[in-house]
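# Structural overview for review
Residues per chain are reported as follows:
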Amino acid sequence: MTPEFAAPPPRPSPDRRERPPERAACAPTAPEDCRHCGLPVPRERRVRGDDFCCEGCARVFELIHDTGLERFYDLRSRRTAPPHDLRPDNFAWLDRLRDETVPAEDGTLRLALDVQGVHCAACVWLLQELFRRAPGGVLLHINPSLGQADILWNPAEGDLRDYVREAERFGYRLGPRRKTPSPESRGLLVRLAVCAAAAINAMIFSLCFYFGLAPRDGILHPFFGWLNFGLGTVAVVAGGWIFIRGAWRGIRRGVVHLDLPVATGVVLAWAGSVQGHLTIGPEAAYFDSLTVFIALMVLGRWIQERLLERNRRTLFAGDGLSGLTTRRVRDGRVSAVPASDVDEGDEIWVVPGDLVAVDGILLERPASISLDWISGESRPRTLEPGARVPAGSFNAGDSAMRLTALEPFRRSSLHDLLPAEPESRDGRRPSPRWWHRVGTVWVAGVLLLAAAGFLAWLPHGPPRALAVTVSILVVTCPCALGLATPLAHDLVHAALRRRGVFLRSRTFLDRALGVRKVLFDKTGTLTHGRLALAERSRQALAALTDEERRVLFDLTIRSNHPVSRCLVRELGGSAALGVRLVDDEPVREIPGRGLEWSLRGTRWRLGSPEFAGEPEDLSDSVTRAAFAREGELVALFDFEEDLREDAAREVAALADDGLEIHLLSGDTEERAKAAARALGIPVERARGGLHPAAKADRVRRLDRGDTLMVGDGLNDAPSFAAAACAGTPAVDHPALPARADFYFLGEGIAAVRSSLRLARRLRTVVRDNLVFAAAYNAIALGLCFAGLVRPVVAAVLMPISSALLVTWTASRLSERRLRWR
């Protein structure tokens, strides 16, 4: 027998690692903030003395220091998003892309890719530094605003897979180029440029009239007047049309929202200016104020759209089907092809961690599959050759499996779960009560007051009456609605991004005000989708001898089963453990039963109690594994679902906020109710065994326009469509984020409560802004009715009041005022 060699010990789990030495460059913003991303560390982790908000941050923090990339912390913003939690990539897309790319004369490949997870300049630097160290890398250009990367690679010097895999370890994912700039965002930017140019020139020409330009000065007087008329009209057509169109669409749907008062102000101000220009002269028109107002309104709209576009570009584009790639075997050759090319009878090769695109029959050897993405079932299944493998499952084993497709991809069940065009969440109608009241009162009030002012001053002559009317229209411009409100949305979006929450729908913050029920998926949402060792079993593990612990580690480190991964995490804190390289019989993994290893003539087993020689008597909600030596029991381990650390606290906090909490799962009824009891959710509100259609039907029964569905699996897509609002922690595939109002990063679910509370905070600020605007308008209108405010004075008061309101809004939604735990 050859001597034993101890391999380097595995890295300890993040919860148990010793603190790396302090470095000033990565000092957190506060003692309770994460050392990597700067976000608040959950209370449960702070109690344990942990310095990280999640295991992803702890893992990447260690990677950065191990690889000498500490400059990342010098470049990053004060707070950034946690690293994305990603399933391992199968790189089938890369094989296909390389086959389709024609090399240059020198053999290099030029590839256009999308990149996911880039949030700041530090992310760009880290990816470029990893690229610089990679053999084969020639040139890398990253556009963080678009989430795109252009790569020049020499395949003769290195494999691009190695670089992509290394970037994935840090939470970044690269994929084929599918992102395109939003036509709406580009259109808004062009409109903003036109309106800004019109406003600047109109103000220059208007200064001539303010400083005394009169008809006696010749042709310049009418010439500048008509130029202003044209500039004002251009601004109305280019910028005002956005709000006029939105207001008309809202009226047709029976909804009065932000666009209506803004559009009314634009139309009335333009009409009043045209009337003054035609009846009195250019000095009676106020196209400069109109163009400035339109430019500011378009600026506010562009800010909102820019934030949403930035959040969307952080992840891969696509609905989840267009980029799906699988490996097909033909004529003994394995090639990566679009899943849409798969036909009935094709042989499919599914590597570990890969998605099964169509229903198929398993060939050759037993395999382990995970159904958590399509059914919510938390435990993997072991299938024998000849068994049917459902579309949407993942290969959970450590070797590839071969399938014979039973259907073409166009008839795959994935099409039912992922329609080709996901419904836009922006099309959902928010609760109309708030903006309906505000818009109706404001529009009716402005029209009545303008008419009253005109009639009251008509005896003094039409010119004087018209001047008073224009003053009323200018002084009552809806800055609180059109400028301060977009700014408030911008600040709320930024605050959520600092907490790892990314909004994708512009109407979510309005619809969130009506949420009264929060519906959680279980597996992967309230749980980590993995097993945790029960507390009583931790004692059994601690009671093992050093030799028994070493053998147990040697068994489990060679298996990818959830039970093995859990035990490896528990055993990983001991520096004495390591994989031993010996010439004894290799570890055998018997699918559905367990692991077996003969070491120096002693047979060790870890698996089901029956496999280890013990009777199995436990409920379906408990997973049990027995560790035995020569048929004699050494230890019994019970496993529970690993709930997210803040799940119970956040569920309780949501309930304290008056929300009704439900748990909907595709896992068994018993496991769903066990999780509900652990989280403090009433068991009568927990439903298990729900297939995707049944879960969506349950959502529809509960929904009264007041539901928020939070899930992470493909089986949740129909439920997202049925709910009023939807959110997901799943970011490793674009299918769910494309159908959600928001997605969030990190290990906890605090993002749900934060989103709802900030929506209410936003409403409070907007409502207070309206009170301020109403008080200001009441005073200004009194002066206008008294004839003390000329239109030029009203034009000066408008930007002053706007500046005060914007400053007040910014102070109330500053990071210091919004800091929470």
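What counts as what
Residues numbered from 1 in each chain as written. Predicted model: local features only at pLDDT ≥ 70, side-chain atom pairs only at ≥ 80, totals over all residues. Heavy atoms only, no water. Core = buried A, V, L, I, M, F, W, Y, C linked by side-chain atoms within 4.5 Å. Buried < 20%, exposed > 50% of the residue type's maximum accessible area, 1.4 Å probe, protein only. Helix = DSSP H or I, 4+ residues; strand = E, 2+ residues; numbered from the N terminus. Contact = heavy atoms within 4.5 Å. Pairing = 2+ DSSP bridges. Expected span 1.5 Å × (residues − 1). Salt bridge = Lys/Arg side-chain N within 4 Å of Asp/Glu carboxyl O. Axes fitted to C-alpha atoms, helices over the stretch in contact; angles between N-to-C directions. Parallel < 35°, antiparallel > 145°, perpendicular 65-115°, else oblique. Left-handed = near helix turned anticlockwise from the far one by under 90°. Nonpolar A, V, L, I, M, F, W, Y, C, P; charged D, E, K, R; others polar. pLDDT = per-residue confidence, 0-100. Phe/Tyr/Trp six-rings, centres within 6.5 Å; stacked < 30°, edge-to-face > 60°.

## A look at the nonpolar core
- The biggest cluster of nonpolar side chains holds 47 residues, and the ones touching the most others in it are Leu126, Tyr163, Phe170, Tyr172 and Leu174.
- Counting only elements with at least two residues in this core, the list comes to helix H2 (55-66), helix H3 (71-75), helix H4 (92-100), strand E2 (109-116), helix H5 (121-133), strand E3 (137-143), strand E4 (148-153) and helix H6 (160-169).
- Top element by residues in this core is H5. It accounts for 8 residues.
- Ignoring anything within four residues of it in the chain, the contact list for leucine 126 reads Ile64, Leu69, Phe72, Phe170 and Tyr172.
- Counting residues in hydrophobic clusters, the runner-up holds 43 residues, among them Leu513, Ala676, Val710 and Leu758.

## Some points on the pairing of strand E16 (residues 517-521)
- Burial analysis of E16 places 5 of its 5 residues in the buried class, which makes it a mostly covered element.
- Pairing of E16 with strand E24 (residues 660-664) involves 5 bridges; the strand directions are parallel. When the bridges of E24 are listed, leucine 519 appears paired with histidine 662.
- In the sheet, E16 pairs with strand E26 (residues 707-710) via 4 bridges, with the strands oriented parallel. In the strand pairing of E26, lysine 517 is matched with threonine 707.

## Brief notes about H5
- In a regular helix each residue adds 1.5 Å, so 13 residues correspond to 18 Å; H5 covers 19 Å between its end C-alpha atoms and thus fits that length.
- For H5, the set of buried residues is Ala122, Cys123, Val124, Trp125, Leu126, Leu127, Glu129, Leu130 and Phe131.
- Where H5 is buried, its residues meet H2, H3, E2, E3, E4 and H6.

## Things to note about the pattern of salt bridges
- Applying the stated criterion across every chain, the model contains 34 salt bridges.
- Across the pair lysine 522 and glutamate 641 runs a salt bridge whose closest N-O atoms are separated by 2.7 Å. In this pair, lysine 522 sits in the loop between E16 and strand E17 (527-533) while glutamate 641 sits in strand E23 (residues 632-643), placing the two residues 119 residues apart along the sequence.
- Overall, glutamate 641 belongs to the partly exposed group, its relative accessible area being 22%.
- Of the charged contacts in the structure, one is a salt bridge between glutamate 650 and arginine 649, with a shortest N-O distance of 3.4 Å.
- Given a relative accessible area of 1%, glutamate 650 falls into the buried group.
- Through salt bridges with shared partners, a single network forms among Asp95, Arg98, Asp159, Arg161 and Arg327.

## Comments concerning the packing of helix H21 (residues 647-656) against helix H25 (residues 750-785)
- Viewed as axis vectors pointing N to C, H21 and H25 meet at an angle of 25°, and their least axial separation amounts to 9 Å. Accordingly, the angle class assigned to the pair H21 and H25 is roughly parallel. Regarding H21 and H25, the two cross each other, and that crossing is left-handed. Residues Arg649, Glu650, Ala653 and Leu654 of H21 lie in contact with H25, whose contacting residues are Ala750, Val752, Arg753 and Leu756.
- Taken together, the residues of the contact of H21 with H25 break down into 5 nonpolar, no polar and 3 charged.

## Notes on the side chain of serine 273
- In this structure, serine 273 sits in helix H9 (residues 259-279).
- Excluding anything up to four places from it in sequence, serine 273 contacts Ala285, Tyr286 and Phe287.

## A word on the confidence of the model for the chain
- The predicted model of the chain averages 78 in pLDDT, with 79% of residues at 70 or higher.
- Of all helices and strands in the chain, the one with the weakest mean pLDDT is strand E1 (residues 5-6) (34), whereas E24 scores best (95).
- Predicted confidence is poor over residues 1-29, with pLDDT under 50, and the contacts of this stretch with residues over four places away or in other chains come to 64 contacts.

## Concerning the pairing of strand E9 (residues 360-363)
- Pairing of E9 with strand E12 (residues 388-389) involves 2 bridges; the strand directions are antiparallel. Note that in E12 the partner of glycine 360 across the bridge is valine 389.
- Here E9 runs beside strand E14 (residues 401-405); their pairing, made up of 4 bridges, is antiparallel. Each bridged residue has a counterpart across the sheet, and for glycine 360 the counterpart in E14 is alanine 405.

## What to know about the packing of aromatic side chains
- Under the defined criterion, the tally for this structure stands at 13 aromatic pairs.
- Judged by centre distance (5.5 Å) and plane angle (20°), the rings of tryptophan 604 and phenylalanine 627 are stacked. Of this pair, tryptophan 604 sits in strand E21 (residues 602-607) while phenylalanine 627 sits in strand E22 (residues 623-629), and the two are 23 residues apart along the sequence. The burial state of tryptophan 604 is the same as that of phenylalanine 627; both residues are buried.
- Taken together, the aromatic side chains of Phe52, Phe61, Phe72 and Tyr73 make up a single cluster linked through ring pairs.

## Here we look at unusual backbone geometry
- Although it is not a glycine, arginine 600 sits at a positive phi angle of roughly 55°.
- Mapped onto the fold, arginine 600 is located in the loop between strand E20 (594-599) and E21.
- Taking relative accessible area as the criterion, arginine 600 reaches 44% and is therefore assigned partly exposed.
- Although it is not a glycine, glutamate 630 sits at a positive phi angle of roughly 50°.

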